[in-house]
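This is what each chain is made of:
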Amino acid sequence: ARKPKATFDMQLLKLERGLDETVTEIVRRRRNINRLFESRFGFKLFRDNEMAITDMRRPCSNEEDFNNRIMALYLLIDQIEVDRLQHHMKNQSSEPGSVNRLEAFLKENVPGYDRPSVNTLRMIARMRSTKYPVHLDDPQFLSIVAELGYSIVEPDWQELWETILQKYLEALRILEHSVAKK
């Protein structure tokens, strides 16, 4: 039996509202972290990217949608101010990648920072880097999906996307708390 159109529309509206609330909280946390970084180090950590934020608010009904959303989220991670981080470090990091540079900066400038935030950012970067169309599908992607508790055969792409957004939000909360400590 087909669901009435009104029921389907209500489900879609609830889904969009939930995504919007999560992404709004992500934006708020990123803004807070930027304020903390600016106050403490004289620069903002995150660059703005309205297009990526807009894309993250969209539902994710299939694998192609998921690929687009994970790329948008990765852009937010990859576009941190790595040059500014490097400028504020005594020991210049030779490790490539924004997550590695952030981790080196935190080790040097934020004693006792919580590693799980960096590990989550790294996991998101790995998901993006091991998924078509960025690269050929890689078994590492499947192991990440399995670690998150999803079927590797045909995951529920929307649920997987919501889980990743929640993990990113939690990483931002942890990072914000670490940077707020003096």
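Above this text is the structure in question.
What counts and how
Residues numbered from 1 in each chain as written. Predicted model: local features only at pLDDT ≥ 70, side-chain atom pairs only at ≥ 80, totals over all residues. Heavy atoms only, no water. Helix = DSSP H or I, 4+ residues; strand = E, 2+ residues; numbered from the N terminus. Contact = heavy atoms within 4.5 Å. Areas by Shrake-Rupley, 256 points an atom, 1.4 Å probe, with all protein chains shown as cover. Salt bridge = Lys/Arg side-chain N within 4 Å of Asp/Glu carboxyl O. Buried < 20%, exposed > 50% of the residue type's maximum accessible area, 1.4 Å probe, protein only. Core = buried A, V, L, I, M, F, W, Y, C linked by side-chain atoms within 4.5 Å.

S.K.: Looking at this structure, how should I read the overall build of the chain?
M.R.: Within the chain one finds eight helices and zero strands. Taking all contacts inside the chain whose residues are at least 6 apart in sequence as the whole, residues at least 24 apart take part in 60%. For the chain, the accessible area works out to roughly 10,200 Å², and carbon and sulfur atoms hold 51% of it.

S.K.: Please clarify how the pattern of salt bridges should be interpreted in this entry.
M.R.: Pairs may arise between side chains of opposite charge once their charged atoms sit close together. Throughout the structure, instances matching the rule amount to 10 salt bridges. The partner of E170 in a salt bridge is R173, and the shortest N-O contact between them spans 3.2 Å. Remark: R173 and E170 occur in helix α8 (residues 157-180); sequence separation between them is three residues, near one turn of the helix. E170 sits in the partly exposed class, given a relative accessible area of 36%.

S.K.: Help me out: how do you make sense of the nonpolar core in this one?
M.R.: One broad rule of soluble globular proteins: the nonpolar side chains tend to lie buried together. Within the largest apolar cluster, 49 residues are counted, with the highest numbers of intra-cluster contacts made by M56, F66, M127, W161, I164 and Y168. Where this core is concerned, the elements lending two or more residues are α1 (5-41), α2 (50-56), α3 (63-78), α4 (82-87), α5 (98-109), α6 (115-129), α7 (139-147) and α8. The biggest single contributor to this core is α8, with 10 residues. Leaving out residues up to four positions away in the same chain, F66 has contacts with C60, M127, F141, W157, L160, W161 and I164.

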